[in-house]
Amino acid sequence: MPNYYDEFKRLDIDPKRLAIFTLKSSAKKNWYVRIRKNQGDGYYQQSLKTTNEVVAREAATKVYMDMWNTEQKGLEYTDARFSDSYKKWLDSGVLSKQRHTRARGLFTRYF
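Just so you know, these numbers come straight off a predicted model, no measurement behind them.

## Notes on the overall build of the protein chain
Then, in step 1: Helix and strand counts for the protein chain come out as three helices and four strands.
Then, in step 2: Relative to the globule expectation of 13 Å for 111 residues, the C-alpha radius of gyration of the protein chain, 18 Å, shows a markedly less compact shape.
Then, in step 3: The principal-axis extents of the C-alpha atoms in the protein chain amount to approximately 55 × 35 × 25 Å.
Then, in step 4: Residues classed as buried in the protein chain amount to 28% of the 111 residues present.
Then, in step 5: Looking at the protein chain as shown, the accessible area adds up to about 7800 Å², and 49% of this sits on carbon and sulfur atoms.
Then, in step 6: With 22 positive and 13 negative side-chain charges, the protein chain shows a separation of 8 Å between the mean positions of the two kinds.

## Observations concerning the nonpolar core
Then, in step 1: By size, the foremost hydrophobic cluster in this structure holds 14 residues, and its most contacted members are Leu 18, Ile 20, Val 33, Ile 35, Leu 48, Ala 60 and Val 63.
Then, in step 2: If you list the elements that add at least two residues to this core, you get β2 (18-23), β3 (32-36) and α1 (53-72).
Then, in step 3: The leading source of residues in this core is α1, at five residues.
Then, in step 4: Not counting residues up to four positions away in its chain, the partners in contact with Ile 20 are Glu 7, Phe 8, Lys 9, Leu 11, Trp 31, Tyr 32, Val 33, Leu 48, Glu 53, Ala 56, Arg 57 and Ala 60.

## Things to note about the pairing of β3
Then, in step 1: Both β2 and β3 contribute to a ladder of four bridges, which runs antiparallel. Pairing of Ala 19 across the sheet is with Arg 34, part of β3.
Then, in step 2: Taken together, the five bridges between β3 and strand β4 (residues 43-47) define a ladder with antiparallel strand orientation. Pairing of Arg 34 across the sheet is with Gln 45, part of β4.

## Regarding the sheet that holds β4
Then, in step 1: Ordered in space as β1-β2-β3-β4, the four strands form an open sheet in which the pairing is antiparallel. The strands lining the two open edges of the sheet, one partner per strand, are β1 (5-10) and β4. Ignoring strand direction, the axes of neighbouring strands in this sheet form an average angle of 20°.

## Things to note about unusual backbone geometry
Then, in step 1: Although it is not a glycine, Lys 29 adopts a positive phi angle of roughly 65°.
Then, in step 2: Of note in this structure, Lys 49 is not a glycine but carries a positive phi near 55°.
Then, in step 3: For Lys 49, the location among the structural elements is in the loop between β4 and α1.

## Quick notes on the pattern of salt bridges
Opposite charge on two side chains allows them to pair when their charged atoms are near.
Then, in step 1: This structure, assessed with the given rule, holds seven salt bridges.
Then, in step 2: Here Asp 66 makes a salt bridge to Lys 62, at a shortest N to O gap of 3.1 Å. Residue Asp 66 and its partner Lys 62 are both found in helix α1; the two are separated by four residues, about one turn of the helix.
Then, in step 3: Across the pair Asp 91 and Arg 104 runs a salt bridge, and its minimum N-O distance is 2.7 Å. Taken together, the positions of Asp 91 in the loop between α2 (82-90) and α3 (97-110) and Arg 104 in helix α3 put the pair 13 residues apart, joining distant regions of the chain.
Then, in step 4: Classification of Arg 104 as partly exposed rests on a relative accessible area of 32%.
Then, in step 5: A single network of salt bridges, built from pairs that share partners, joins Glu 7, Lys 9, Glu 53 and Arg 57.

Parameters at a glance
Residues numbered from 1 in each chain as written. Predicted model: local features only at pLDDT ≥ 70, side-chain atom pairs only at ≥ 80, totals over all residues. Heavy atoms only, no water. Helix = DSSP H or I, 4+ residues; strand = E, 2+ residues; numbered from the N terminus. Rg over C-alpha atoms; globule rule 2.2 N^0.38 Å. Buried < 20%, exposed > 50% of the residue type's maximum accessible area, 1.4 Å probe, protein only. Areas by Shrake-Rupley, 256 points an atom, 1.4 Å probe, with all protein chains shown as cover. Lys, Arg positive; Asp, Glu negative; His and termini not counted. Charge placed at Lys NZ, Arg CZ, Asp CG, Glu CD. Core = buried A, V, L, I, M, F, W, Y, C linked by side-chain atoms within 4.5 Å. Contact = heavy atoms within 4.5 Å. Pairing = 2+ DSSP bridges. Axes fitted to C-alpha atoms, helices over the stretch in contact; angles between N-to-C directions. Salt bridge = Lys/Arg side-chain N within 4 Å of Asp/Glu carboxyl O.

Given below as structure tokens:
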């Protein structure tokens with residue numbers, strides 16, 4: 001186990017892909033989830049925003065099930081923020097040239 005983890009625990013639902021951990025460098029000791037992706041490269045990781053291990057296990061299981069469901073549809077699970085989603089939609093080619101110019105202008109002005 002690398003020396004930047006304080007605690008590192010694999011979850012029984014899928015011990016090869018799913019783990020929760022706390023960081024040594026964190027003063028608050030919030031739990032994080034790390035899931036190895038089937039689609040795409042590397043891992044998906046996010047804070048579970050709790051210091052309670054039981055709550056962290058439940059939240060990690062929910063995130064894992066969401067990811068599993070998305071992957072079953074042949075999609076890559078990502079943290080879809082509005083800016084990223086909007087850029088992808090804007091570049092998809094569904095708008096006329098004039099609407100694309102207008103939408104890009106609004107996006108760059110406000111986001």
